[in-house]
Amino acid sequence: MVFTNESPPVARTPAPVRARLVGVDIARGLAVLGMFVAHAGPAMLDPTAGGAAEFLADLGNGHASVLFAVLAGVSLALLTGGSRVHEGSVLRRDRVRIAVRAVILFVLGMVLTQLGAQMMVILSFYALYFLLALPFLRVRPAVLAVLAAVWAIAGPIASFFIRSARTGVETAGGALSFTDLTSWDTAVAGFMRLLLDGAYPVLTWMPFVFAGLAVGRLDLRSTAVRLRLLTSGVVLAVIGAGGSWLALNVFGGLRALEPVLANLAPLAAEIGKEPVELLQMTGFGTVPTTNPAFLLLNAPHTGTPFEIVASTGAALAVLALCLFAGDRLRTLLAPLSAVGALALTVYTAQGLLLEPVLIGLSWQPWLPLLALTLGSLVFCALWRPLLGRGPLERVLHWTSTRTADLVVR
């Protein structure tokens, strides 16, 4: 969300600057618009909406934030040299810059949460992802891919049993605010949300970052690499979604969840859906610990192995397509890539403006989404060519670069 798509020159260590990968900005711009759909889409305002509203919701819910997380890993790789990893003092500078940006993101996430932003704020979680990725910046892509695969399976299972053992504690969603730091108990609970049971918990979201870091270590300007990325993404999406379907419908998962489906039946009938459809709707970061069969779902924001694999695959496929589009449709997609380049500014503005937009325009279910989308595209399309980095992106760049200059000499 907040890193550049190029390897910038480093003081006292001249290095060639490669052209910015516009496709990464386009993918990030799509992720921003996907979050608009999740937070202000017509299906969110009217759960009974079908047709295009439901289709958009299926595209945006969960997938947008996962795409952000994968792109975070990609950007970490690009910032530290891409396919040719920086070394020595240059890499030490990179680590300082990443750490400083993580601190700023962490505080900004707490600010948005404290102000009551009408969305599940991801920034504080992002900060921890970046810090945890620091020791892995020089790991080979193949090793990172294996790490992501193993973590995708082990993380959700570990989360399920750890949360099961926490007697009397069952939370869903949420982030960290300054209010959480007013006592030891609330601070511990707040940090446990970041690590274990919040909206984007570290324990089940690090595979996305590792997968992105592995991808960013490849030559993303290569057509062959992009084609392999697209193929791998489609295969992973099929494995995740198809594996979940088999586990539920063929191997008895739904039978194990019959008591849950029975409880959902009245609500499902009220809104005109099947109980199994409600079961597969968006979660709040984790699955309940009442039944291990919940781990067989492939539903947005549930943090199951199947969801992680399927969503990672979808993100990789989207990135590959965006990389191709960035080469061929650069001018046409300039407003979208501008949104991606100013993603932190746009995301923060969304957090601050979402509630008044929803209140003021909710009389027509499509208006909030259209207002946020068109407003962001126009603003970024004007700002980017005239002023370059966005306001918050400038703060991150200047602060992290200056700190690196002082720390690494």
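Residues numbered from 1 in each chain as written. Predicted model: local features only at pLDDT ≥ 70, side-chain atom pairs only at ≥ 80, totals over all residues. Heavy atoms only, no water.

Describing the overall build of the chain
Then, number 1: Along its length, the chain carries 18 helices and zero strands.
Then, number 2: Along the first, second and third principal axes, the C-alpha atoms of the chain reach 65 × 50 × 45 Å.
Then, number 3: Across the 409 residues in the chain, those meeting the buried criterion constitute 51%.
Then, number 4: Nonlocal contacts in the chain, meaning residues at least 24 apart in sequence, comprise 75% of its contacts between residues at least 6 apart.
Then, number 5: One way to put it: in the chain the 28 positive side-chain charges average out to a point 18 Å from where the 21 negative ones average out. (Helix = DSSP H or I, 4+ residues; strand = E, 2+ residues; numbered from the N terminus. Buried < 20%, exposed > 50% of the residue type's maximum accessible area, 1.4 Å probe, protein only. Contact = heavy atoms within 4.5 Å. Lys, Arg positive; Asp, Glu negative; His and termini not counted. Charge placed at Lys NZ, Arg CZ, Asp CG, Glu CD.)

Describing the UniProt feature "domain: DUF418" (unreviewed entry) in the chain
Then, number 1: Under the present numbering, the feature "domain: DUF418" (unreviewed entry) in UniProt falls on residues 311-400.
Then, number 2: Note that residues 311-400 is 84% helix and 0% strand, and that its end C-alpha atoms are spaced 31 Å apart. (UniProt positions renumbered as here; feature names shortened; annotations may be inferred.)

A short note on the environment of L246
Then, number 1: Mapped onto the secondary structure, L246 falls in helix α10 (residues 223-249).
Then, number 2: On the basis of relative accessibility, which here comes to 38%, the residue L246 falls in the partly exposed class.
Then, number 3: The sequence separation of L246 and L296 amounts to 50 residues, and the corresponding C-alpha distance is 9.3 Å.

Here we look at a nonpolar patch on the surface
Then, number 1: A surface patch of nonpolar side chains, amounting to about 410 Å² of accessible area, comprises V103, V107, F178, L181 and F191.
Then, number 2: Summarising the element assignment, V103 is placed in helix α5 (residues 88-114). (Patch = residues over 30% accessible without salt bridge, like charges linked within 9 Å, V, L, I, M, F, W, Y side chains within 5 Å. Areas by Shrake-Rupley, 256 points an atom, 1.4 Å probe, with all protein chains shown as cover. Salt bridge = Lys/Arg side-chain N within 4 Å of Asp/Glu carboxyl O.)

A short note on the confidence of the model for the chain
Then, number 1: Considering every residue of the chain, the mean pLDDT works out to 90; 93% of them sit at 70 or more.
Then, number 2: Within the chain, helix α2 (residues 42-45) has the poorest average pLDDT of any element, 76, and helix α9 (residues 202-216) the best, 97.
Then, number 3: Predicted confidence is poor over residues 7-17, with pLDDT under 50, and the contacts of this stretch with residues over four places away or in other chains come to 17 contacts. (pLDDT = per-residue confidence, 0-100.)

A few points about the packing of aromatic side chains
Then, number 1: In the structure shown here, the tally under the stated rule is eleven aromatic pairs.
Then, number 2: Arranged with centres 5.5 Å apart and planes meeting at 75°, the rings of F125 and Y200 form a pair that is edge-to-face. Here the residue F125 occupies a position in helix α6 (residues 123-133), and Y200 occupies one in the loop between α8 (184-197) and α9, the gap between them amounting to 75 residues. Each member of the pair F125 and Y200 is classed as buried.
Then, number 3: Between W205 and F208 the ring centres are 4.9 Å apart and the planes differ by 75°, which places this aromatic pair in the edge-to-face class. Of this pair, W205 and F208 both sit in helix α9, three residues apart, roughly one helical turn.
Then, number 4: For F208, a relative accessible area of 1% puts it in the buried group.
Then, number 5: Through a chain of ring-to-ring contacts, the aromatic side chains of F125, Y126, Y129, F130, Y200, W205 and F208 assemble into a single cluster.
Then, number 6: Geometry around F324 places R226 over its ring, the cationic atom sitting 5.6 Å from the centre. (Phe/Tyr/Trp six-rings, centres within 6.5 Å; stacked < 30°, edge-to-face > 60°. Lys NZ or Arg CZ within 6 Å of the ring centre and 35° of its normal.)

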